[in-house]
Amino acid sequence: MNLSDELKAFIITHEADDVHSLALQAKQYPDIDMEMAIRQITGRKIAKEKIPSWYANDNIIYPKHLSMEQCSSEQTALFKASLCGGESMADLTGGLGVDCFFLAHGFNNAVYVEQQSELAEIAVHNFEILGQDIKVVNEDAVSYLSSMPPANLIYIDPARRDSTGRKTVLIEDCTPNILDIESLLEEKSKQVMIKLSPMLDITLAVKSVKSVSDVYIISVNNECKELLFIKKGNTGKTLYHCVNIQNSNTDTYTFYKEDEDTISLNYTTKIAKYLYESNASILKAGAYKSIAKAYSLDKLHPSSHLYTSEILYEDFPGRKFVVDNICSLNKKDMKEYLSDIKQANITTRNFPLSVQEIRKKTGLKDGGDIYIFATTLADDRKVLLICHKA
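Read on for a plain summary of the structure. The shown structure was predicted, so the numbers you read here are calculated from the model rather than taken from an experiment.

What counts, and where the lines are drawn
Sequence order sets the numbering: in each chain, residues are counted from 1 along the sequence as written. The model is predicted, so local features are restricted to residues of pLDDT at least 70 and side-chain atom pairs to those at 80 or more, both for listing and for counting; the totals for chains, interfaces and linings are taken over all residues. Neither water nor hydrogens contribute to the side-chain values; these are computed over all heavy atoms in the structure. Two strands qualify as a pair provided that DSSP identifies no fewer than 2 bridges between them. For helices the rule is a DSSP run of H or I covering at least 4 residues; for strands it is a run of E covering at least 2, with both sets numbered from the N terminus onward. For every element, the axis is a line fit to its C-alpha atoms; helices are fit only across the contacting stretch, and the angle between N-to-C directions ranges from 0 to 180 degrees. Every residue pair with non-hydrogen atoms within 4.5 Å of one another is taken to be in contact. To define a nonpolar core, start from buried Ala, Val, Leu, Ile, Met, Phe, Trp, Tyr and Cys residues and group those joined through side-chain atoms within 4.5 Å. Think of it in three bands: with a 1.4 Å probe and only protein chains considered, a residue is buried below 20% of the maximum accessible area for its type, exposed above 50%, and partly exposed in between. Salt bridges are identified by distance alone: a Lys or Arg side-chain nitrogen within 4 Å of an Asp or Glu carboxyl oxygen. Note on definitions: the grid is 1 Å and covers protein atoms alone; a cavity is a set of points where a 1.4 Å probe fits but cannot get out; a pocket is an open set with protein on both sides within 12 Å along at least five of seven lines; lining residues have an atom within 4 Å of a point. Grid points are joined across faces, edges and corners, and a volume is the space filled by probe spheres set on the points. Here the term charged refers only to Asp, Glu, Lys and Arg, the term nonpolar to Ala, Val, Leu, Ile, Met, Phe, Trp, Tyr, Cys and Pro, and the term polar to all other amino acids, Gly among them. When describing relative orientation, an angle under 35 degrees is termed roughly parallel and one over 145 degrees roughly antiparallel, while 65 to 115 degrees is termed roughly perpendicular and anything else oblique. Crossings are sorted by hand: turned counterclockwise from the far helix by less than a right angle, the near helix makes the crossing left-handed, and turned clockwise it makes it right-handed. As used in this structure description, the phrase polar contact means that two N or O atoms lie within 3.5 Å; if the pair is within protein, one of them must be able to donate a hydrogen and the other to accept it, and residues adjacent in sequence are counted only when both atoms belong to side chains. Pairing of aromatic rings covers Phe, Tyr and Trp, the last through its six-membered ring, and needs centres within 6.5 Å; plane angles under 30 degrees mean stacked, over 60 mean edge-to-face, and all others mean tilted. Here, a charge over a ring is recorded when the distance from Lys NZ or Arg CZ to the ring centre is within 6 Å and its angle to the ring normal is within 35 degrees.

Another aspect to go through is the sheet that holds strand 4 (residues 153–156). Taken together, 9 strands build an open sheet; the order of strands is 3-2-1-4-5-7-6-8-9 and the sheet is mixed. The strands lining the two open edges of the sheet, one partner per strand, are strand 3 (135–137) and strand 9 (249–256). Strand-to-strand, the axes of this sheet are offset by a mean angle of 20°, without reference to chain direction. Each of strand 4, strand 5 (192–196), strand 6 (212–220), strand 7 (223–231), strand 8 (239–246) and strand 9 is contacted by helix 6 (residues 74–81), which is oriented at about 150° to strand 6, the strand it contacts most. Across the sheet, helix 10 (residues 178–188) lies against strand 4, strand 5 and strand 7, angled at about 160° from strand 4, the strand it touches most.

Written out as structure tokens, the structure is:
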């Protein structure tokens, strides 16, 4: 599988074009495989942001849109690659091959397994173009797993769509079903890495999957992208890693869920000088009390998930603000504290009104340097915390 020089030149020339308009012009380019060209242009648009090192190579071939949508980003793949290494690995659900490509750098022998023949063919081409020696096997994941030799790592990213194409989030609804092949996975490798949907109920999943030693909740620029379950045998308590990747920086906060459940906090009715909002990974993991204890912060309310302190903790994994004013919802307060504000970034945390309802009530437009948190304090008072970034 290769792209002709003529087709590559066309793709690069029209990369910024609207693909729908380009498709309507197909008759103007009788010598161009327009279907393939549009697929490559669409793939390059996604890869430019998602897999920049692949985008930089004009010889890479991209598959249909769904595979591009489902593949890992370069940032998350590199993070996963930093967690492991050894003699041999097998990626049982290869897809586009992004995870396999980056993981393979840490192993002497790597196998990519994919049941769709077209994706496997594309992988052969791309791995060769990228100079990575990876064995490609066009086979069903479970069939290969049954006969494969033991490996230092098995990586698996089960398909999260049902037979009609609808997204699924329960482990038992994914393909292959991890729960059905769990014993076989453990038999073939002492370390199993499972990528799962960020929509998954983590607590339920940890109870369903045996011997989960670590759970990684991975965010990029404060948007939760994926969950990673690591199985390393029966290790007792599961360690949660809340990861947020921003450019070249990675914040990681770790805790045990069992500890979270036993922590006792005092909730405050007084707002101190600084306000803190945990990053998306910490919120997804449910480290609501652990993070308060770790940084000696006062929590506003059991359900508000905002914190305050008189001292600024600059290494807090999340957003940090200086509190300028505290405003109630009565007209007098809103007139006093909001009349000079024309726009603000509004966030609700445990509050009866939506952002849209607050904008309608206050007349505030979106944007600017002012941040307003609509929340509930320990005594159930509903307040607007008017802040600027620390």
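All right, on to unusual backbone geometry then. A cis amide bond links T175 with the next residue in sequence, P176, at an omega value of -5°. Secondary-structure assignment places P176 in the loop between strand 4 and helix 10. In this model, S211 sits at a positive phi of 55°, which is unusual for a non-glycine residue. You can see S211 is positioned in the loop between helix 11 (202–208) and strand 6.

Core analysis: the biggest nonpolar cluster contains 49 residues, and L92 and F229 have the highest contact counts within it. If one sorts the elements of this core by residue count, helix 10 sits on top with 4 residues. Residues within four places of L92 in sequence aside, it is in contact with V113, A141, Y144, L145, M148, I154, Y155, I156 and L185. Of all hydrophobic cores here, the second largest spans 38 residues; its members include Y62, C84, A104 and M193.

With that settled, the discussion passes to the pattern of salt bridges. Counted under the stated rule, the structure contains 16 salt bridges. Residue K8 pairs with D5 through a salt bridge whose shortest N-O separation is 3.8 Å. Within this pair, K8 and its partner D5 are both found in helix 1 (residues 5–13), separated by 3 residues, close to a single helical turn. Bridged by salt links that share partners, the residues K80, D99, D157, K195 and E226 form one connected network.

This part takes up empty space enclosed by the protein. Scanning all chains against the criterion turns up 1 cavity of 30 Å³ or more. The computed volume of the largest cavity comes to approximately 60 Å³. Taken together, L3, K8, I11, I12, Q40, R44, D58, I60 and Y62 make up the full set of residues lining the largest cavity. Secondary-structure elements contributing two or more residues to the lining of the largest cavity are helix 1 and helix 3 (34–50). Broken down by element, the lining of the largest cavity gets its largest block of residues, 3 residues, from helix 1. For the lining of the largest cavity, the residue count by class is 5 nonpolar, 1 polar and 3 charged.

Right, let's get into the packing of helix 1 against helix 3. Interhelical geometry of helix 1 versus helix 3 gives an angle of 50° and a closest axis separation of 9 Å. With respect to helix 3, the axis of helix 1 lies oblique. Relative to helix 3, helix 1 is oriented so that their crossing is right-handed. Here helix 1 contributes L7, F10, I11 and I12 to the contact with helix 3, which in turn contributes M34, M36, A37, Q40, I41 and R44. Considering only residue class, the contact of helix 1 with helix 3 consists of 8 nonpolar, 1 polar and 1 charged.

This part covers the sheet that holds strand 14 (residues 345–349). Across the sheet, which stays open at both edges, the 7 strands sit in the order 11-12-10-13-16-15-14 with mixed pairing between neighbours. Strands with a single pairing partner mark the edges of an open sheet, and in this sheet they are strand 11 (298–299) and strand 14. Across 6 bridges, the pairing between strand 15 (residues 371–376) and strand 16 (residues 382–389) is antiparallel. Across the sheet, residue F373 finds its bridge partner in strand 16, namely L385. Packed on one face of the sheet, helix 16 (residues 355–362) meets strand 14 and strand 15 and runs near 125° to strand 14.

Below, the discussion takes up helix 6. Taken across its 8 residues, helix 6 has 6 buried, putting it largely inside the fold. Listed in full, the buried residues belonging to helix 6 are E74, T76, A77, F79, K80 and A81.

Moving on to the environment of D379. Mapped onto the elements, D379 comes out in the loop between strand 15 and strand 16. For D379, a relative accessible area of 38% gives the class partly exposed. Only 2.9 Å separates the side chain of D379 from the side chain of R381, close enough to count as a polar contact.

All right, on to the packing of aromatic side chains then. For the coordinates displayed, the defined rule picks out 13 aromatic pairs. For the ring pair F321 and F373, a centre distance of 5.0 Å and an interplane angle of 70° mean the geometry is edge-to-face. Taken together, the residues F321 in strand 13 (residues 318–327) and F373 in strand 15 connect sequence positions 52 residues apart. Three or more aromatic residues link up through ring pairs in this structure, and these residues are Y276, Y295, Y313 and F316. The lysine or arginine in question, K237, covers the ring of Y256, its NZ or CZ lying 4.4 Å from the ring centre.

By the alternation rule, side chains of strand 4 split into L153 and Y155 and I154 and I156, which are all buried. Here strand 4 pairs with strand 5 via 3 bridges, running parallel. When the bridges of strand 5 are listed, I156 appears paired with I194.

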